[in-house]
Structures are given as C-alpha cells and as structure tokens.
Amino acid sequence: MKEAKEIKDENIRRPARRCHFSVLLFPEISLFRLLPFLLVSLLYFSPNLHSQTAPAVAVSRASHDLGGVWMPFPDKRENGEPVISGIEEKTRPPLTPWGQARFDAAIPFLGPRIQPGKENNPSLRCEPEAVPKSLILPNPFEIVQIPGRIFMFFEEFHLWRTIWTDGRPLPKSPDPTYLGYSVGRWEGDTLVVETVGFNDKPWVDAYGNPRSEQMHLTERYRRIDHDTMELRIIMDDPKAYTKTWVSSPRRFKFEPGWEIGEYFCIVDEEQDYAGRIRKPAGGDMPATAPEQDRKK
Amino acid sequence: MKLTRVFLALIAMLVVRPHAFAQNNKMPDANKSASAVGTSGSHSHDLSGIWMPYSIHMDGIDEKARPPLTPWGKARFDAAAPLVGPRAVAGKENNPALYCEPEAVPKSLVLPNPLEIIQASGRMFMFFEQYHLWRTIWADGRPLPKDPDPTYLGYAVGKWDGDTFVVDTIGMNDKPWVDSYGNPRSEQMHLTERYRRLDHDTLEMQIIMDDPKAYTRPWVSPPQKFKLEPSWEIAEFFCIVDEENNYGDAVRKPAGVAPK
C-alpha cells in the first residue's frame, strides 16, 4: 500500500521517452528510479535527434494563434494525492440523484473512494477519455489551426478532435459520441469552444464524476503571453449536476521544440501497468480483462 | 464447398465494417470545410479533403502480389489466425483488431472507411475514420530519422515528385498485421506510399512495402483509387473492446462462435 501510494496516479503512465514531467509531479520518487527515464529523455531531447524547431510565431495577445505543443504546468499535491487542476472536485456543485448514482457506481484508482481490486475506470479498458478529461491530463497536446477549423492532438491515447471555427452553429440534435460536436469562436483574445452531443460513458475526471448526454461543455482559451496559455473549463450538465460546474483556470506552457509522441492505449499493457502500479494495492485484474474474455 | 465460398464472401463483406456509420453528415454547411479543394488540378499539390475508397476489397495491399516470405515472416504469418480468408479458423482468431490494438499503416490506408487529408504548413495530416486514428507526415524537407524508436505508426516524411506525393515511413514496430490475412511487418519495414490526383475527384494511391526481414523482395501492390467526398465529415468511430468482442462474436468470426 505504501509503496504503491507514491505513483498511483493513473495519469502518469507514459512511454519512457515521453517526458520527465513526472519528476515535477512526484518529487518524492527517488532519482535512482528515474535514472533510465532521465537518460532516455536526455537522448530524446538532445539536438539533431528529433530536431523540430517549430518556427517561433510572433504572437501578440490578440493574434488569435494558439498553434503549437502545450504542456500543462505541474499540479500540486495535497496529502500525497495529486490535485489535478482544471477540473476541481472542490468546486463541484451538488450531484443530482442520477449523477449521484453514477458517481457511486464509479470506483476510481485514486482519491478517497478507492477500493483495491474493484477499480472500474474506463481507461483500464482503453475506452476514450475524451473531453473534458483529456484536457487536464499531465501530458502535452498540440493545437493546429487552419481556416475554419482547429485540431487538437492529445498525446495520451493518441486522441484527436476537431473544433469547427467557420461560424456554423452547434447541431440541433446530434448523435451522442465520446467527443461530442465542437464549434469555436473568438471573443476578443479568448477562444471559446462549445461542445454538445456527448454520450454518458466517460468520467469527466479521475475521481469518477459523471457526465450525461445533456452536458454542454465550454472551454475558454487565452494566451496570456507568448509561452503561456490559460484554459478554463465550464460544465453545464443539468442531468448530472444541480448547478453549473466552473473550475479555476489551468495553465499550459508553450513547448516549441517538442513533437507529440506516440502513446496508444493497449489493453494488455494497460492491464499490466494498472495491476503493477496504478491500483492502490496492485490487485487483480477486473473481470473485463480481455485476457479472461479470451479464455472463457 | 460452394456454401463455404458464399459464406466467406459474406464474411468478407461484413468484416469490412459497413460504413453505414456516419459519413453522411447532416450539417448544411459541411461543404465549407472541403471548399479549399474546389479548384485544384492534378498538379496543384493539394490532396486535402475526405477520400473514400472505391472498392471494399482492400485491394491496395494485394496478397496476390506478395513476394515469398522469409522464414521469420512465415513463422509470423503461421501464428496469425485471421477472421477472413482461407486460413480463418473459428474460435482461434487472434486479429489484433479484436483487442482494439491500432491497425496503423499500411492497413488503415486500405480499410473500407473514409480518410481525410489536411495539409498545413510543412506537414500533412491523415485522419482515418476507422478507430479514430490520426497520423502526421512531415513535409518540411526533414530527412527520415536515423534510428527511431519502433512505433505503431512509424515516422513519416513526404515530398512531391512531380504531381505525385511520396510518403516514406520507417521506425515501425512488428505488432500490427499489414492486411486482414495476417501478413506480418517487422521493424525493418520501409513503407512507401505514392499519391496522385488523377482528376479533381479521384486520388490514386500505391503502396510499396520493403521489409527484408519479413519478405524476400519488395511487395508492390497495384494502385487503389479513392473518391473525393466534399460533403462528408469524418465521424466518430472508436474501437471499444467490449463492443468489438460482441461484434466479433456475433458477426465477424467465421462461424459466429465465441472463443473457447
């Protein structure tokens, strides 16, 4: 239990060459354990290996350019637990009865509600995290803007998403999906992205807070200076929450020398990783493990 | 025997998941997104848009054109138990797609679902509807990396050769199959894709696989054609393990039986 405690955040799993961000997130991990990561990182970031020197765009506050790779600033920790900012449980409004039932059925592998061996986080089965959760993961994402459209590429689980910025309205009655249907517009120097048409499958955070098909998600992006972007997430989901859930802004750092790495969710690897590291007690696989499906 | 053949044909049609899912978007102004393609001729160096393969037979990677396998390739091939083709054995299927592992390239290029190409400065993106996959092709003149870590998608660079866009990819791992029949790929795979716009509405792609660890010669398939679909949007089609297992048991597997 003690051993697992320090690195049980579901979000830190990443290929070795990704980034050394875990050092910042988890300062208590001994340097020795991180040595291989550091060496690989050193190689990865050494010049000429992956030399992508993205042209440093001259950006003013109102230039309406968010293009580039963005890395979240490290989160704080409280009582050994990471406090994942951007979607804060502290600011969560009361749940509706539907929301409460969903929340009670969710068994996360971090936070106070853990039950070793019973974890049912959808990411254990490599289901898409989707938005808003992908926005607060401790891995980078890239924004690419073309006329009429903005793309977001999330490194974690190799997810991509379209935000239409050609002035189209939100669809009237979209089929529910993991990512929903997103449109964006500029309000002064803030990009406002609105998304509807979600299904109710993913959790919105690592703690099992739900979302319903009535979710209306608003994201407000603002570049505070050339290297810093601020994102505020607002969730209006009357089926799950009694009031609108407004979190405090989260900041991202511009990383012009980075490329998004390949980080797929592979069920066997996830199960293996989860069994050893993520789960509070390193317990058994959930019954839905494909390995067991294969043998049944 | 005749019945088996009919059944296999049926499965072949079903295994290529009917593209009923989606593309016909109802958004009235969906055309806007593809308007950039509107005036391009075959020499305009513009491949943007949503492209749908004409054929559902995935003939851009043609087993008939496959060179002899190496011993390593043969061992891999023998270990693969596909859902389709003459080697399908009910209950033994181990197609990586059953576990939602990435199909990656080249297989994603020949799936019977649309792909979208977006060209940005120094870079081309491909979005494959099936399994919501995306890929970057660097087109800023950079060389292929010297010793890349093996990945599902590899590291891809592209350049124009006349009116043909040539994409070279290396740095692949040996996990996915290159087709539905269990043909392998190794870390030595050098994949070349040649794209040419025959006319405004037609894109031709030729796949050339040079993988000396798996095949005794380069595997050159005949070109596959795609049709421009300016009013479509790429829909959301994720691979969800539970759903895949259900679908696999109910529809895809040769005898519709669950694995033992």
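Residues numbered from 1 in each chain as written. Chains lettered and ligands numbered in written order. Predicted model: local features only at pLDDT ≥ 70, side-chain atom pairs only at ≥ 80, totals over all residues.

Caption draft 1: Inspection of the overall build of chain B at higher detail. Counting its regular elements, chain B contains five helices and ten strands. Taking all 260 residues of chain B together, the buried fraction comes to 41%. In chain B, 63% of the contacts between residues at least 6 apart in sequence involve partners at least 24 apart. (Helix = DSSP H or I, 4+ residues; strand = E, 2+ residues; numbered from the N terminus. Buried ≥ 20, exposed ≤ 12 C-beta atoms within 10 Å, placed from the backbone. Contact = placed C-beta atoms within 7 Å.)

Caption draft 2: Representation of the overall build of chain A. Helix and strand counts for chain A come out as six helices and twelve strands. Taken across its 296 residues, chain A has 36% of its residues classed as buried. For chain A, the share of sequence-separated contacts (at least 6 apart) that also reach a separation of at least 24 residues comes to 61%.

Caption draft 3: Inspection of the pairing of strand β3 (residues 123-128) of chain B at higher detail. Residue and element names in this part refer to chain B. Residues M124, M126 and F128 of β3 are buried on one face, while the alternating residues R123, F125 and F127, pointing to the opposite face, are not. In this structure, strand β2 (residues 115-120) lies alongside β3, joined through six bridges in antiparallel fashion. Considered in β3, the bridge of L115 is made with F128. In terms of strand pairing, β3 meets strand β4 (residues 133-138) through six bridges, oriented antiparallel. Bridging from a neighbouring strand, M124 pairs with I137 of β4. Between β3 and β4, which pair antiparallel in sequence order, lie four residues; one of them, Y131, sits at a positive phi of approximately 70 degrees. (Pairing = 2+ DSSP bridges.)

Caption draft 4: Quick look at the nonpolar core. In terms of nonpolar packing, the biggest core is built from 97 residues, with W51, I117, M126 and I137 of chain B touching the most fellow members. For W51 of chain B, the contacting residues outside a window of four places in its chain are P114, L115, I117, L203, F226, K227 and L228 of chain B. (Core = buried A, V, L, I, M, F, W, Y, C linked by C-beta atoms within 7 Å.)

Caption draft 5: Looking closely at the confidence of the model for chain A. For chain A, the average pLDDT comes to 78, and 69% of its residues sit at 70 or higher. Every residue in residues 1-62 of chain A scores below 50 in pLDDT, and together they form 80 contacts with partners more than four places removed in sequence or on other chains. (pLDDT = per-residue confidence, 0-100.)

Caption draft 6: Spatial organisation of the pairing of strand β5 (residues 149-154) of chain A. Residues and elements named next belong to chain A. Only one face of β5 is buried, namely the one carrying I150, M152 and F154, since none of R149, F151 and F153 on the opposite face is buried. Inspection of the sheet shows strand β4 (residues 141-146) paired to β5 by six bridges, in the antiparallel sense. The residue of β5 that forms the bridge with I143 is M152. Following β4, the chain reverses through two residues before pairing antiparallel with β5; G148 in that reversal takes a positive phi of roughly 80 degrees. Both β5 and strand β6 (residues 159-164) contribute to a ladder of six bridges, which runs antiparallel. Residue pairing for β6: F151 is matched across the bridge by T162. Linking two consecutive strands that pair antiparallel, namely β5 and β6, is a turn of four residues; a positive phi of about 65 degrees is found at F157 within it.

Caption draft 7: Here's a closer look at the confidence of the model for chain B. Predicted confidence across chain B gives a mean pLDDT of 83, with 77% of residues reaching 70 or more. For this predicted complex, the interface confidence reaches an ipTM of 0.81, while the overall pTM sits at 0.78.

Caption draft 8: Spotlight on unusual backbone geometry. Put simply, V131 of chain A and P132 of chain A share a cis peptide bond, and its omega is 5 degrees. You can see P132 of chain A is positioned in the loop between α4 (97-105) and β4. P106 of chain B follows V105 of chain B through a cis peptide bond whose omega is 5 degrees. Here P106 of chain B lies in the loop between α3 (71-79) and α4 (107-110).

Caption draft 9: Expanded view of the environment of N139 of chain A. Its location among the elements puts N139 of chain A in the loop between α4 and β4. Taking the C-alpha atoms as reference points, N139 of chain A and I260 of chain A, 121 residues apart in sequence, are found 9.4 Å from one another.

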